[in-house]
Amino acid sequence: MTEVLATLRADGFDAEGVSTDEEAGKLLETEEFGVLIVGGGVEPDSRAAIKELAVKRGVRRVIDGALTAPFDAYVRREFEPLIRETAELIHAQPERHPTAVPDTDKNGPGPS
C-alpha cells in the first residue's frame, strides 16, 4: 500500500490508505471520496461490506486492486486513468460530490 499511495501522491492525487476493515469504515464515514481502491488482500466478506458502505457514502467508483509489480507502473496504467475519468465526472456534476474538484495543474485532472 505504501508504494501505491506514494505513486498517487507523486502524481498529484490526494490519497489515504488503511489496513483494517475498521479503519476503512471510519474513513468512509468521516470523509468524502470520489474513488475507492480495495486492495487485493481484502477478504471477500470485508470487500463486499466496504463496497456497500462506499456506495451508501456516495463514492463514485470502486476499483478492485490486484497489483502486479512494478507497482508504480501498474498504478499509473490501471488506476490513474479511472481516477481521472471519475474526477472529470465529479467536476461535471459537483453538486453530487462537492469536495472532489479536479486538479488540472499536474498531469491532467485528478482529485484534489
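Whatever comes next refers back to the structure up there.
Residues numbered from 1 in each chain as written. Predicted model: local features only at pLDDT ≥ 70, side-chain atom pairs only at ≥ 80, totals over all residues. Heavy atoms only, no water.

Caption draft 1: Seen up close, the packing of aromatic side chains. This structure, assessed with the given rule, holds one aromatic pair. With centroids separated by 5.5 Å and ring planes inclined at 90°, the aromatic side chains of Y74 and F79 adopt a geometry described as edge-to-face. Each member of the pair Y74 and F79 is classed as buried. (Phe/Tyr/Trp six-rings, centres within 6.5 Å; stacked < 30°, edge-to-face > 60°. Buried < 20%, exposed > 50% of the residue type's maximum accessible area, 1.4 Å probe, protein only.)

Caption draft 2: The nonpolar core, seen in detail. If you look at the biggest cluster of nonpolar residues, it comprises eleven residues: V4, L5, L8, F13, A15, V35, I63, Y74, V75, F79 and I83. Going through the elements one at a time, α1 (2–10) and α4 (71–92) are the ones with two or more residues in this core. A total of four residues in this core trace back to one element, the largest contributor, which is α4. (Core = buried A, V, L, I, M, F, W, Y, C linked by side-chain atoms within 4.5 Å. Helix = DSSP H or I, 4+ residues; strand = E, 2+ residues; numbered from the N terminus.)

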